[in-house]
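# Survey of secondary and tertiary structure
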Amino acid sequence: MEHQLHYDTVSNAIAALRKRGFTIDFNLEENYIISHQERIHVNDFSIVDVYRYEGDSDPSDEAAVYAIAGKNGLKGILVAGYGPSADPLTTEMLEKLKIQ
C-alpha cells in the first residue's frame, strides 16, 4: 500500500482520491464490494491506500476510507465504519480490510 499524506477529513480524503482516479463509490455486501454496475469478490480487489478517522467525541464516528483497485481495472472508494457501529462482515472481508 502506498500511503502518501493523511487528509484532515473524510471528505478531503475522498476528494483527493477522486483526483487520483478512484471515481467509483463502493459498498460492502458479504464477501463483495459492490457499485451500481459491478460486484467484485474479496479475492478480486486490492487496497491501494487507506485513511483512518476517529471521531473527536463520539466513538461511533470512526471510519476508514479505502482506495480500492479491482483486478478488472475499476478504481473506487469504500468508506466503512468500524468500532461499535460497524456493519457485521465476513471473516474474509474483515481480514482484507484490517488496518495494519
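Up top is the structure these notes are about.
Residues numbered from 1 in each chain as written. Predicted model: local features only at pLDDT ≥ 70, side-chain atom pairs only at ≥ 80, totals over all residues. Heavy atoms only, no water.

## Quick notes on helix H1 (residues 10-19)
- Buried within H1 we find Ala-13, Ile-14, Ala-16 and Leu-17. The arc enclosing the buried residues of H1, seen along the axis, measures out at 165°, which places them on a common side.
- In the core, the buried residues of H1 are packed alongside strand E4 (45-53), strand E5 (63-70) and strand E6 (75-81).
- Phi for Gly-21, located one or two positions after H1, is positive at around 100°. (Buried < 20%, exposed > 50% of the residue type's maximum accessible area, 1.4 Å probe, protein only. Helix = DSSP H or I, 4+ residues; strand = E, 2+ residues; numbered from the N terminus. Arc of directions from axis to C-beta. Contact = heavy atoms within 4.5 Å.)

## A few points about the packing of aromatic side chains
- Applying the stated rule across the entire model yields 1 aromatic pair.
- An angle of 65° between the planes, with centres 5.3 Å apart, marks the rings of Tyr-7 and Tyr-51 as edge-to-face. Linking Tyr-7 in the segment before H1 with Tyr-51 in strand E4, this pair joins segments that are 44 residues apart in sequence.
- Judged by its relative accessible area of 0%, Tyr-51 falls in the buried class.
- A cation sits over an aromatic face here: Arg-39 above Tyr-32, 4.0 Å from the ring centre.
- Across from the ring centre of Phe-22, 4.6 Å away, lies the NZ or CZ of Lys-75, which sits over that ring. (Phe/Tyr/Trp six-rings, centres within 6.5 Å; stacked < 30°, edge-to-face > 60°. Lys NZ or Arg CZ within 6 Å of the ring centre and 35° of its normal.)

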